[in-house]
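Given next are the chains, with one letter for each unit.
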Amino acid sequence: MADLHPPTSPDEVDTAVDKVTTAIQTAAWEATPSVEREPPPYQSSQSVSEKIREKRALRRRWHLTKHPEDKRRFNKATKELSTLLKDMKNVSVEKYLSNLSPTAASDYSLWKATKRFSRPQISHAPIRKEDGEWARGDQD
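This one's a predicted model, so the numbers in the text were calculated from it and none came from an experiment. Counting restarts for each chain, with residues numbered from 1 along the sequence as it is written. With the structure being a predicted model, the display of local features is reserved for residues of pLDDT at least 70 and the display and counting of side-chain atom pairs for 80 or more, all residues being used for whole-chain, interface and lining totals. Derived side-chain values reflect all non-hydrogen atoms in the structure, with water molecules and hydrogen atoms excluded from consideration.

1. Overview of the packing of aromatic side chains
Any pair of aromatic rings gets described here by the distance separating the centres and the angle formed by the planes. Centre distance within 6.5 Å is the pairing criterion for rings of Phe, Tyr and Trp, where only the six-membered ring of Trp is used; planes under 30 degrees apart are then read as stacked, over 60 as edge-to-face, and the remainder as tilted. A full pass over the atoms with the stated rule returns one aromatic pair. Plain terms: the ring middles of W62 and F74 are 6.1 Å apart, the flat faces sit at 5° to each other, and that makes the pair stacked. Note that W62 is positioned in helix α2 (residues 46-65) and F74 in helix α3 (residues 68-98), a separation of 12 residues in sequence. The ring centre of W62 lies 4.6 Å from the NZ or CZ of K66, which sits over that ring. Counted as over-ring charges are cases with an Arg CZ or a Lys NZ within 6 Å of the ring centre that also lie within 35 degrees of the ring normal. Against the face of W62 rests K71, its NZ or CZ located 4.2 Å from the ring centre. In this description a helix means any DSSP run of H or I spanning at least four residues, a strand means any run of E spanning at least two, and both kinds are numbered starting from the N terminus.

Okay, here's the thing in structure tokens:
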């Protein structure tokens, strides 16, 4: 702070600008809280990622060519990916259910899961307006 005179040369201006920029950045970094990112809710395997890439490439090719053989390959890849994802979900559910227990140590997780499975699924029917159109929001 001993240097309070205005800069006179271009080098002094550059040095002053660097000091101000560094001070502003340091203040911003210290004042900004760090954000902890949550891991994704699922981890896809390498085979799923490859199958998704393959399906997207086949879809792109089919959209460009409109050839029936490309459509067949795209449909086959879509079906294989769907089957793979269903199998992974079934394995995950089986693993979850096998780790449940009816004891107080696990907070009665087996009973909670059973209750959730036996609860009826409530569906909400769409609403039609007086003019026959479907309601799209709360105001409709």
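Picking up where we left off.
2. Some points on a nonpolar patch on the surface
Residues with no salt bridge and a relative accessible area higher than 30% make up the patches, which join like charges within 9 Å and nonpolar side chains (Val, Leu, Ile, Met, Phe, Trp, Tyr) within 5 Å. In these tables, accessible area is a Shrake-Rupley quantity obtained with a 1.4 Å probe, and a residue counts as shielded only by the protein chains included in the view. For this analysis, a salt bridge means a side-chain nitrogen from Lys or Arg found within 4 Å of a carboxyl oxygen belonging to Asp or Glu. There is a patch of nonpolar side chains on the surface, built from V93, Y96, L97 and F117 and spanning about 360 Å² of accessible area. Residue contributions to the nonpolar patch peak at three residues, all from α3. Looking at the element boundaries, V93 is found in helix α3. Accessibility here uses a 1.4 Å probe with only protein chains present; expressed as a share of the type maximum, an area under 20% marks a residue as buried, one over 50% as exposed, and anything in between as partly exposed. According to the relative accessible area criterion, V93 is partly exposed, its value standing at 34%.

3. Considering the pattern of salt bridges
On inspection of all chains with the given rule, the structure shows six salt bridges. Note that K51 and E54 form a salt bridge whose closest N and O atoms lie 3.5 Å from each other. Of this pair, K51 and E54 both sit in helix α2, three residues apart, which is roughly one turn of the helix. For E54, a relative accessible area of 36% gives the class partly exposed. Here R73 ties to D70 by a salt bridge, and the two come within 3.4 Å at their closest N and O atoms. Placement of the pair is R73 and D70 together in helix α3, with a separation of three residues, close to one helical turn. What makes R73 partly exposed here is its relative accessible area of 37%. Ionic contacts of the salt-bridge type, sharing partners, join the residues R61, E69, D70, R72 and R73 into one network.

4. A short note on a negative patch on the surface
Positive residues here are Lys and Arg, negative ones are Asp and Glu, while His and the chain termini are left out of the count. Charge placement uses NZ in Lys and CZ in Arg. For Asp and Glu, CG and CD serve respectively. Among the surface-exposed residues, D11, E12, D14 and D18 lie close enough to one another that they form a single negatively charged patch. By the element assignment, D11 lies in helix α1 (residues 10-31).

5. A word on the packing of α2 against α3
Axes here mean lines fitted to C-alpha atoms, for a helix over just the part in contact, with angles spanning 0 to 180 degrees between N-to-C directions. α3 packs onto α2 with a crossing angle of 155° between their chain directions and a minimal axis gap of 9 Å. Compared by their axis directions, α2 and α3 come out roughly antiparallel. The way α2 lies across α3 gives a crossing that is left-handed. Contacts between α2 and α3 involve S47, V48, K51, I52, E54, K55, L58, R59, R61, W62 and T65 from the former and D70, K71, R73, F74, A77, T78, E80, L81, L84, L85 and M88 from the latter. Note on residue categories: nonpolar means Ala, Val, Leu, Ile, Met, Phe, Trp, Tyr, Cys or Pro, charged means Asp, Glu, Lys or Arg, and polar means any other residue, Gly included. Class assignment of the residues belonging to the contact of α2 with α3 gives a composition of 10 nonpolar, three polar and nine charged. By definition in this entry, angles of less than 35 degrees are roughly parallel, angles greater than 145 are roughly antiparallel, angles of 65 to 115 are roughly perpendicular, and the rest are oblique. Two helices crossing with the near one rotated counterclockwise from the far one by less than a right angle form a left-handed crossing, whereas a clockwise rotation gives a right-handed crossing. For this analysis, residues touch if any pair of their heavy atoms sits within 4.5 Å.

6. Some thoughts on α3
Helices are assigned an expected span. That span is 1.5 Å times one less than the residue count. Helix length check: α3, at 31 residues, gives a terminal C-alpha distance of 45 Å against a target of 45 Å (1.5 Å per residue), a fit within 8%. For α3, the set of buried residues is D70, F74, A77 and L81. Looking at the buried side of α3, the elements it contacts are α2.

7. Things to note about the confidence of the model for the protein
Detail in the predicted coordinates should be disregarded across regions flagged by low pLDDT. Looking at the protein as a whole, the pLDDT averages 83, with 89% of positions reaching at least 70. Here pLDDT means the predictor's own confidence in every residue, given as a number from 0 to 100. Mean pLDDT values over the elements of the protein span from 73, in helix α4 (residues 109-118), up to 94, in α2.

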